[in-house]
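Here is what each chain is made of, one letter per residue.
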Amino acid sequence: MEGRLYWAGVLIILSSQWAAAGSLYGYYASASTETLKTETEEMGKQLSAAFNHKGISSRQQKIDFADYYANLKKLVLYSSKLATYSEYGKDLRFARDNEVFKGLPTETSSNGKSGPQLDRKDFVNKKYGEMKKNVEEEIETYVDLIKLSLDACETLTQNDLSGFAENKKHRDRIVNFKRGKEFRHYLEKRGRLAGRWPSLAARISNQLSLWDPRPPSPDDPLINTKIAGAI
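Residues numbered from 1 in each chain as written. Predicted model: local features only at pLDDT ≥ 70, side-chain atom pairs only at ≥ 80, totals over all residues. Heavy atoms only, no water.

**Quick word on the overall build of the protein**
- If you tally the helices and strands in the protein, you get 9 helices and 0 strands.
- Put simply, the protein has 231 residues, and 24% of those count as buried.
- Expressed as a percentage of contacts within the protein between residues at least 6 apart in sequence, the contacts between residues at least 24 apart total 79%.
- Surface exposure of the protein reaches about 17000 Å², of which carbon and sulfur atoms provide 57%. (Helix = DSSP H or I, 4+ residues; strand = E, 2+ residues; numbered from the N terminus. Buried < 20%, exposed > 50% of the residue type's maximum accessible area, 1.4 Å probe, protein only. Contact = heavy atoms within 4.5 Å. Areas by Shrake-Rupley, 256 points an atom, 1.4 Å probe, with all protein chains shown as cover.)

Below, the structure is given as structure tokens:
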């Protein structure tokens, strides 16, 4: 009995599906060309709203600008830090010659006992060599980080498919960043950076200049169109 009820239910479902399909087919088969055209246009509007090109472009702009802005901030920060090492050789020689390293502890030997005592000159020269090596490694790290951020910024602006660099909101955000404390620190040390690493400084300046106010073009209207329209 239960088996009969089951198959009866299946037949009812299949019959309703066929009836619906048949009625849908019959509707489109008998509908006029004008009706079909109207429904097609309405469907197109709905699809256009769901996959709005402008909305997709706007989201891509936000993604591209977020990537660019993060790298630009890192670029400025690392450049300020690197600039402090512009005269590291002179600073370290001054420390060595004036025995500034004299008070620094020496490394103990591996067996926990003090090694042979060095005279003061050898001790200072040893510390000078250690500090020079550490500073040069730190400089190399900052140079690598700056180049990575520069490459990212240059690639994004040179291949700006989403047009984020032309967006006024994004340009205003860069302008605000250039008025901030981090950027002021960079400006204070920019000369030292350019003196020691001129090629890096030039690439950084070129990237930052992309966001400077643009000079008026000969083709620009003499009267602001927005103001004229308001009048």
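**Considerations on helix 6 (residues 168-177)**
- Burial in helix 6 covers these residues: His170, Arg171, Ile174 and Phe177. Down the axis of helix 6, the smallest arc covering the buried residues is 115 degrees, so these residues share one side. Among the exposed residues of helix 6, those oriented more than 90 degrees off its buried face are Lys168 and Lys169.
- With a side-chain oxygen positioned 2.8 Å from the backbone nitrogen of lysine 169, the residue opening helix 6 is asparagine 167. (Arc of directions from axis to C-beta. Polar contact = N/O pair within 3.5 Å; in protein donor to acceptor, adjacent residues only side chain to side chain.)

**Notes on the confidence of the model for the protein**
- In the predicted model, the protein carries a mean pLDDT of 75, and the fraction of residues at 70 or more is 57%.
- Low pLDDT, under 50, characterises residues 108-112; the predicted model gives this stretch 2 contacts beyond four residues in sequence or across chains. (pLDDT = per-residue confidence, 0-100.)

**Thoughts on the packing of aromatic side chains**
- All told, the structure shown has 10 aromatic pairs when counted by the stated rule.
- Ring plane angle 45 degrees and centroid distance 5.6 Å describe the contact between tyrosine 68 and phenylalanine 164, whose orientation is recorded as tilted. Linking tyrosine 68 in helix 3 (residues 53-83) with phenylalanine 164 in the loop between helix 5 (120-158) and helix 6, this pair joins segments that are 96 residues apart in sequence.
- Under the relative-accessibility criterion, phenylalanine 164 is labelled buried at 0%.
- Ring centres of phenylalanine 164 and tryptophan 211 lie 6.5 Å apart, and the angle between their planes is 35 degrees; this geometry places the pair in the tilted category. On the criterion of sequence distance, the pair formed by phenylalanine 164 in the loop between helix 5 and helix 6 and tryptophan 211 in the loop between helix 8 (198-209) and helix 9 (225-230) is long-range, its members being 47 residues apart. (Phe/Tyr/Trp six-rings, centres within 6.5 Å; stacked < 30°, edge-to-face > 60°.)

**Things to note about the packing of helix 7 (residues 181-196) against helix 8**
- Between helix 7 and helix 8, whose axes approach to 7 Å, the crossing angle comes to 140 degrees. Here helix 8 runs oblique to helix 7, going by the angle between their axes. Crossing handedness for the pair helix 7 and helix 8: left-handed. Packed against helix 7, whose contacting residues are Phe183, Tyr186, Leu193, Ala194, Gly195 and Arg196, the element helix 8 presents Pro198, Ala201, Ile204, Ser205 and Leu208 at the interface. (Axes fitted to C-alpha atoms, helices over the stretch in contact; angles between N-to-C directions. Parallel < 35°, antiparallel > 145°, perpendicular 65-115°, else oblique. Left-handed = near helix turned anticlockwise from the far one by under 90°.)

**Thoughts on helix 7**
- When the terminal C-alpha atoms of helix 7 are compared, their 23 Å separation across 16 residues agrees well with the 22 Å that a helix rising 1.5 Å per residue should span.
- Maximum bend of helix 7: about 50 degrees, positioned at lysine 189. (Expected span 1.5 Å × (residues − 1). Bend = angle between axes of the 7 residues up to and from the residue.)

**Structural notes on the side chain of glutamine 61**
- Looking at the secondary structure, you find glutamine 61 in helix 3.
- A distance of 2.8 Å separates the side chain of glutamine 61 from the side chain of asparagine 167, its partner in a polar contact.
- If sequence neighbours within four positions are ignored, glutamine 61 has contacts with Ser162, Gly163, Phe164, Asn167 and His170.

**Details of the pattern of salt bridges**
- Applying the stated criterion across every chain yields a total of 4 salt bridges.
- As a salt-bridge pair, glutamate 154 and arginine 203 come within 2.8 Å of each other at their nearest N and O atoms. In this pair, glutamate 154 is assigned in helix 5 and arginine 203 in helix 8, connecting sequence segments 49 residues apart.
- Assessed through its relative accessible area of 16%, glutamate 154 is described here as buried.
- Arginine 203 gets classed as partly exposed once you look at its relative accessible area, which sits at 26%.
- Each member of the salt-bridge network shares a partner with another, and the members are Asp151, Glu154 and Arg203. (Salt bridge = Lys/Arg side-chain N within 4 Å of Asp/Glu carboxyl O.)

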